Amino acid sequence: MNHFSYEQDELYCEGIPLRKLAEAVGTPCYVYSCATLRQHFNVFDHAFADVPHMICFSVKSNSNIAILNLLGSFGGGVDIVSGGELFRALKAGIPGDRIVYSGVGKTLDEIDYALSEDILMFNIESTQELEVIAARAKFLGRTARIALRVNPDVDPKTHPYISTGMKENKFGIDIESAINAYEQARGLGHIQILGVDCHIGSQLTEIAPFVDTLQRLRVLIEHLEKMQITIRFLDLGGGLGIVYDQEEPPHPREYAQAILQKLNGLSCTLIFEPGRVIVGNAGVLLTKVLYTKRTAIKNFIITDAGMNDLIRPSFYGSYHQIQPVERTNRETQVVDVVGPICESGDFLARDRELPLVKAGEYLTVMSAGAYGFSMGSNYNSRPRPPEVLVRGDQYFIIRQRETWDDLIRGESVPDLLNPGLSLS
Ligand SMILES: *Cc1c(COP(=O)(O)O)cnc(C)c1O
């Protein structure tokens, strides 16, 4: 369910016609719906209403501070994977005690920053990291609250690039070694064991891998209890999939029911780290058709959005629905929708049946709210697009379009290399 729909053949986000928005803000441009974000957060939250739980939105899926602030106002916390994301979360007003910190490569500076902000817990991904965090906590005179991220060796049956809980993945501590790692953590000063954590992958469309993981973690938690190690938080990560095309992911309610059924009296507070399922279908990428072009074997639609704005099709071969902003009755043709970037891998859709479109008209790339802007880059020296948040018939620019000057911020030409060529 989302708030992008046609009214009299014009595509709207809530009360705002996207054509008007495109004309006012320019394209390419990301557009998010407040109502959809609220709905997705509430559905997930209510599904777990019967048990103590916390929803820590995955900042990497959409890092805009207005989005983080909005989700925080619904009662959410965040899952971060870098110092930069911690900075964003704090700027967005998320309190430290609602922040969990995952990631295999936390640096000393990042660890110190998180310790000084007294975050809820570190999700620790290796025993070396555990030792480093203990040492930094000692040095700073603090206690680090921790969970160990356990790799349960479960196949999430998703794209290999976003599968994270199998033996061959770099993430977490393998479940056979977890007991020893907890034993080691207990022996370290300045470490308080708070939880068990996992995250097995993204865009999961089946429930079984989540349930298998929970079963394995429950056995681990019971084992730890016998060792007098009390687990207060069970962090089940994110990963619930969404509909891009023909997928049939479980509804958050089905996901919740399956998990609640398998808790079997476990009394931990549950933490979830959803990203995509909250924000994926709450955002679109609005783009303009620059040119159409017919070659001997292909039809191309060339848009002003490219792989630097939305890399998922190029990177994962992902499918995103593409819809014209003005819906009219017209013939269709099979096309590649491509961007202006100098790479043949720069496409938004391939061999797609779309209505015949004209140069100058607007298209929307649907389901672009997660891993859209946040994975964007300046490749080909393209300023990153603005982000707009719609609420009812109002809209807010929550990130300005970058300027040419933004592109060279921090760059300089050393005198040494400048044999008299004057700089403007
Ligand atoms: C990416 C990530 C998530 C979010 O995954 P989604 O599929 O977007 O829900 C949660 N936790 C961790 C540790 C992650 O790396």
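This is a predicted model, so every value here is computed, not measured.

Chemist: How should the pattern of salt bridges be read in this particular structure?
Modeler: Once their charged atoms are close, side chains differing in charge can pair, the charge on each being opposite to the other. With the rule as written, the count across this model stands at 19 salt bridges. A salt bridge links Arg409 to Asp406; its shortest N-O distance comes to 2.6 Å. A relative accessible area of 64% means that Arg409 is categorised as exposed. Judged by its relative accessible area of 26%, Asp406 falls in the partly exposed class. A cluster of three or more residues bridged by salt bridges with shared partners is formed by Glu10, Arg19, Glu23 and Glu326.

Chemist: Is there a simple way to explain the site of the ligand in this structure?
Modeler: Residues in contact with the ligand amount to 15 residues; listed here are only the nearest, Lys60, Ser202, Gly239, Glu273 and Tyr371. At 3.2 Å from a nitrogen atom of the ligand is found a side-chain nitrogen or oxygen belonging to Asp79. Taken by itself the ligand offers 390 Å² of open surface, and the protein chains cover 94% of this. Cavity membership is defined here by more than half of the atoms lying within 2 Å of grid points; on that basis the ligand lies in the largest pocket. When the residues that make up the shell around the ligand are grouped by side-chain class, the tally is two nonpolar, eight polar and five charged.

Chemist: Teacher, can you tell me more about helix 4 (residues 83-91) here?
Modeler: Side chains of residues three or four places apart in an α-helix project in the same direction, reflecting 3.6 residues per turn. Listed in full, the buried residues belonging to helix 4 are Gly83, Glu85, Leu86 and Ala89. The buried residues of helix 4 occupy an angular sector of 155 degrees when the element is viewed end-on, so they sit on one face. With a side-chain oxygen positioned 3.3 Å from the backbone nitrogen of Gly84, the residue opening helix 4 is Ser82. Trailing helix 4 by a residue or two, Gly93 shows a phi angle of about 90 degrees, which is positive.

Chemist: Would you mind going over the layout of surface pockets with me for this structure?
Modeler: Where empty space is left becomes clear once a probe the size of a water molecule has been rolled over the atoms. Volume-wise, the largest pocket comes out at about 750 Å³. Lining the largest pocket are 40 residues, and of these Ser58, Lys60, Val81, Glu85 and Tyr371 sit closest to its centre. Breaking the lining of the largest pocket down by element, the ones donating at least two residues are helix 4 and helix 11 (312-316). For the lining of the largest pocket, the per-class residue count stands at twelve nonpolar, 15 polar and 13 charged. Both domains that meet at the lining of the largest pocket, namely domain 1 (4-30 + 281-397) and domain 2 (32-279), each give it at least three residues.

Chemist: What exactly am I supposed to notice about the sheet that holds strand 3 (residues 16-17) here?
Modeler: In a beta sheet, neighbouring strands pair by backbone hydrogen bonds and run either parallel or antiparallel. The strand order across the open sheet formed by three strands is 1-2-3, and the pairing between neighbours is antiparallel. Of all strands in the sheet, those bounded by a partner on one side alone are strand 1 (4-7) and strand 3. Taken together, the two bridges between strand 2 (residues 10-13) and strand 3 define a ladder with antiparallel strand orientation. Directly across from Tyr12, in strand 3, lies its bridge partner Pro17.

Chemist: Please explain the pairing of strand 15 (residues 299-303) as it appears in this structure.
Modeler: On a regular strand, one side chain projects to one face of the sheet and the next to the other, so that they alternate. With four of five residues buried, strand 15 is to be regarded as a mostly interior element. In this sheet, strand 15 lies alongside strand 14 (residues 283-294) in antiparallel orientation, the contact comprising five bridges. The partner of Arg294 across the bridge, within strand 15, is Asn299. The loop that links strand 14 with its antiparallel partner strand 15 comprises four residues. As paired elements, strand 15 and strand 17 (residues 332-338) share three bridges and run parallel to each other. Bridging across to strand 17, Phe300 finds its partner in Asp336.

Chemist: Explain the packing of helix 5 (residues 108-116) against helix 6 (residues 127-140) here, please?
Modeler: Helix-helix packing is described using two parameters, namely the angle between the two axes and the distance between the axes. Axis separation between helix 5 and helix 6 bottoms out at 10 Å; the angle between their running directions is 55 degrees. It follows that helix 5 is oblique to helix 6 by the angle criterion. Between helix 5 and helix 6 lies a crossing of right-handed hand. Contact residues: Leu108, Ile111, Asp112 and Leu115 in helix 5; Val132, Ile133, Arg136, Ala137 and Leu140 in helix 6. In the contact of helix 5 with helix 6, the residues fall into seven nonpolar, no polar and two charged.

Chemist: Could you clarify how one ought to interpret the packing of helix 4 against helix 5 in this entry?
Modeler: One way to put it is that helix 4 packs onto helix 5 with a least axis distance of 9 Å and a crossing angle of 25 degrees. Classified by the interaxial angle, the pair formed by helix 4 and helix 5 is roughly parallel. For the pair helix 4 and helix 5, the crossing hand works out as left-handed. Touching Gly83, Leu86, Phe87 and Leu90 of helix 4 are Glu110, Tyr113 and Ala114, all from helix 5. Residue composition of the contact of helix 4 with helix 5, by class: five nonpolar, one polar and one charged.

Cut-offs applied
Residues numbered from 1 in each chain as written. Predicted model: local features only at pLDDT ≥ 70, side-chain atom pairs only at ≥ 80, totals over all residues. Heavy atoms only, no water. Salt bridge = Lys/Arg side-chain N within 4 Å of Asp/Glu carboxyl O. Buried < 20%, exposed > 50% of the residue type's maximum accessible area, 1.4 Å probe, protein only. Near = heavy atom within 4 Å. Polar contact = N/O pair within 3.5 Å; in protein donor to acceptor, adjacent residues only side chain to side chain. Areas by Shrake-Rupley, 256 points an atom, 1.4 Å probe, with all protein chains shown as cover. 1 Å grid on protein atoms, 1.4 Å probe; cavity = no way out; pocket = protein on both sides within 12 Å on 5 of 7 lines; lining within 4 Å. Sits in = over half its atoms within 2 Å of the grid points. Nonpolar A, V, L, I, M, F, W, Y, C, P; charged D, E, K, R; others polar. Helix = DSSP H or I, 4+ residues; strand = E, 2+ residues; numbered from the N terminus. Arc of directions from axis to C-beta. Points joined across faces, edges and corners; volume = space filled by probe spheres on them. Domains from an automatic or database assignment. Pairing = 2+ DSSP bridges. Axes fitted to C-alpha atoms, helices over the stretch in contact; angles between N-to-C directions. Parallel < 35°, antiparallel > 145°, perpendicular 65-115°, else oblique. Left-handed = near helix turned anticlockwise from the far one by under 90°. Contact = heavy atoms within 4.5 Å.

Purely spatial values, then, with no claim about function.
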